[in-house]
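The residues making up each chain are set out below.
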Amino acid sequence: MPYTKRRRLVTSAVAVALGATALAACGSSDDDSDAQSGPVSLTYWTWTPGMDKVVDLWNKGPGKKEQITVTVKKQASGDTLVTKILTAHKAGKAPDLVQAEYQALPTLVSNDALADISGEVGDEKGRFAEGVWQQTTLGTDAVYAVPQDIGPMMFYYREDLFKKYDLKVPATWEEFAETARKLKKAAPDKDLTTFSANDSGLFAGLAQQAGAQWWTTEGQKWKVGIDDAATKKVAEFWGGLVKEGAVDNQPMYTPAWNKALNTGEQIAWVSAVWAPGTLTTAAPDTKGKWAMAPLPQWSDSENRTGSWGGSSTGVTTDSKHKDAAAKFAAWLNTDRDALNALAKEGGIYPASTSAQLSGAFTNPPAYFSNQPDFYTKAADIAKTTAPAAWGPNVNTAYTTFKDAFATAAKNKSDFTAALATMQEETVADLKKQGFEVAQ
């Protein structure tokens, strides 16, 4: 999707609309060649566990040769980090490198916090699935970050209980609904899964798979399509299942949810590639009893998935060593040793397609030892990741989702009404920030 950028005064505050042309110049520095003229020290803000050990590989190897030293500064993730970056950037003191979730990139770019590093890392495009790379370009010729990890969505189910209740793994969402109803009829005390409103990323990924484009632009205006036909389809589907009682309506990540998974009260979970780690903690007694399959499709002719999670490595416009920082960002997310270390120390699933079937991913997760082809399937599914369309106020949309959909799920009320609320609040917030919004 195209982006344009311009500055204008709004109630005595500067509002920056997103764009590529002007931003291409941002982040450039007379010191960009420092990596070639002498020692360079870079600071990297990240929340990934064990990143200091991964960076040590750089500092003792390629970094030592290039005279580029990177220091890790551990941070909180999510909106907390985005706010901290923007605050530091306003003071001209942002770090050289930052880990950023894909949905946060438009916010950072619209505030001139990330540099265009297409000239330094553009040749790395072929190492990533098209739908993944697109999230770091925002649909422009610019590149604002290098993909690090991804969260392609998948369907997890209790293989033993599916067999017990004569259930087939659903290939379509229609079959998914039929499976939920069949299980409820055979075992009223069990649920196929739950609709949870406490993690907005799940719903966003499902909408992405359905073809949703929540943020696009028309000229110099943002257009919000959270209540588009694709998302309405998803909302109506899940709202209908909740209303009829075919699936549960309780939130995830609670003691009750863990217990439901561990005891077989809930026998499936729509999740992402990182699910084994969560299941290991939530349902330890069911190790080796689960299996993974592609996400159900909206029609037999489709083959795509959404994303739930994932992040990238960006270079800030405050960095005086853009070339050196971009060189490190490329190494971190494409070098085999670096990616193996990231998998081991940080538990990430790499965005690099070549790394998805090597090193730490040649054997299945211990929790899924019964499915030897786990990562082979995961890599195939990852290739089908649908493009995502993020905007500069994802945090507002996500917060509104949690409030509106939590109420709708609890009351088994109209999910499309909750979606309309989400749309209205997101549009209102964009206008409040000073962005022009197309109707």
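Anyway, here's the lowdown on the structure attached to this text. Just so you know, these numbers come straight off a predicted model, no measurement behind them.

**Some points on the nonpolar core**
Thinking step 1. Counting 143 residues, the largest nonpolar core has Phe195, Trp214, Trp215, Trp238, Val270 and Phe405 as the members making the most contacts within it.
Thinking step 2. Apart from residues no more than four positions distant in its own chain, Phe195 is found in contact with Phe203, Trp238, Val242, Asp248, Asn249, Gln250, Phe401, Phe405, Ala409 and Phe415.

**Topic: the side chain of Asp116**
Thinking step 1. Looking at the element boundaries, Asp116 is found in the loop between helix H5 (105-110) and helix H6 (118-121).
Thinking step 2. Notably, Asp116 is buried but unbridged: the nearest opposite-charge side chain belongs to Lys322, and the N-O separation is 6.1 Å.

**Thoughts on the pairing of strand E6 (residues 146-158)**
Thinking step 1. For E6, a buried count of 13 out of 13 residues is recorded, marking the element as mostly surrounded by other parts of the structure.
Thinking step 2. Across five bridges, the pairing between E6 and strand E11 (residues 307-315) is antiparallel. What sits directly across from Val146, in E11, is Thr313.
Thinking step 3. Across five bridges, E6 lies against strand E9 (residues 268-272) in antiparallel orientation.

**Quick word on the packing of aromatic side chains**
Thinking step 1. Inspection of every chain in the model, using the stated rule, returns 40 aromatic pairs.
Thinking step 2. Geometrically, the ring pair formed by Phe368 and Phe374 is tilted, given 5.0 Å between the ring centres and 45° between the ring planes. For the pair formed by Phe368 and Phe374, the shared burial category is buried.
Thinking step 3. Lying across the ring of Trp45, Lys84 places its NZ or CZ 5.1 Å from the centre.

**Focus on a negative patch on the surface**
Thinking step 1. The grouping of Glu174, Glu175, Glu178 and Asp300 at the surface amounts to a negative patch.
Thinking step 2. Within the element layout of this structure, Glu178 appears in helix H9 (residues 173-186).
Thinking step 3. Glu178 sits in the partly exposed class, given a relative accessible area of 43%.

**Brief notes about the packing of helix H10 (residues 200-209) against helix H17 (residues 394-411)**
Two quantities define a packed helix pair, namely the angle between the axes and the distance from one axis to the other.
Thinking step 1. Where H10 contacts H17, the axes come no closer than 9 Å and their chain directions differ by 100°. Our classification of the angle between H10 and H17 gives roughly perpendicular. Residue-level inspection shows Ser200, Gly201, Phe203 and Ala204 of H10 in contact with H17, the latter providing Tyr398, Phe401, Lys402 and Phe405.
Thinking step 2. Residue composition of the contact of H10 with H17, by class: five nonpolar, two polar and one charged.

**Considering the pattern of salt bridges**
Thinking step 1. Tallied over the full model, the rule gives 10 salt bridges.
Thinking step 2. For Glu302, the salt bridge is made with Arg304, and the minimal N-O distance between the two is 3.8 Å.
Thinking step 3. With a closest N to O distance of 3.9 Å, Lys383 and Asp380 form a salt bridge.

The rules behind these values
- Residues numbered from 1 in each chain as written.
- Predicted model: local features only at pLDDT ≥ 70, side-chain atom pairs only at ≥ 80, totals over all residues.
- Heavy atoms only, no water.
- Core = buried A, V, L, I, M, F, W, Y, C linked by side-chain atoms within 4.5 Å.
- Buried < 20%, exposed > 50% of the residue type's maximum accessible area, 1.4 Å probe, protein only.
- Contact = heavy atoms within 4.5 Å.
- Helix = DSSP H or I, 4+ residues; strand = E, 2+ residues; numbered from the N terminus.
- Lys, Arg positive; Asp, Glu negative; His and termini not counted.
- Salt bridge = Lys/Arg side-chain N within 4 Å of Asp/Glu carboxyl O.
- Pairing = 2+ DSSP bridges.
- Phe/Tyr/Trp six-rings, centres within 6.5 Å; stacked < 30°, edge-to-face > 60°.
- Lys NZ or Arg CZ within 6 Å of the ring centre and 35° of its normal.
- Patch = residues over 30% accessible without salt bridge, like charges linked within 9 Å, V, L, I, M, F, W, Y side chains within 5 Å.
- Areas by Shrake-Rupley, 256 points an atom, 1.4 Å probe, with all protein chains shown as cover.
- Charge placed at Lys NZ, Arg CZ, Asp CG, Glu CD.
- Axes fitted to C-alpha atoms, helices over the stretch in contact; angles between N-to-C directions.
- Parallel < 35°, antiparallel > 145°, perpendicular 65-115°, else oblique.
- Nonpolar A, V, L, I, M, F, W, Y, C, P; charged D, E, K, R; others polar.

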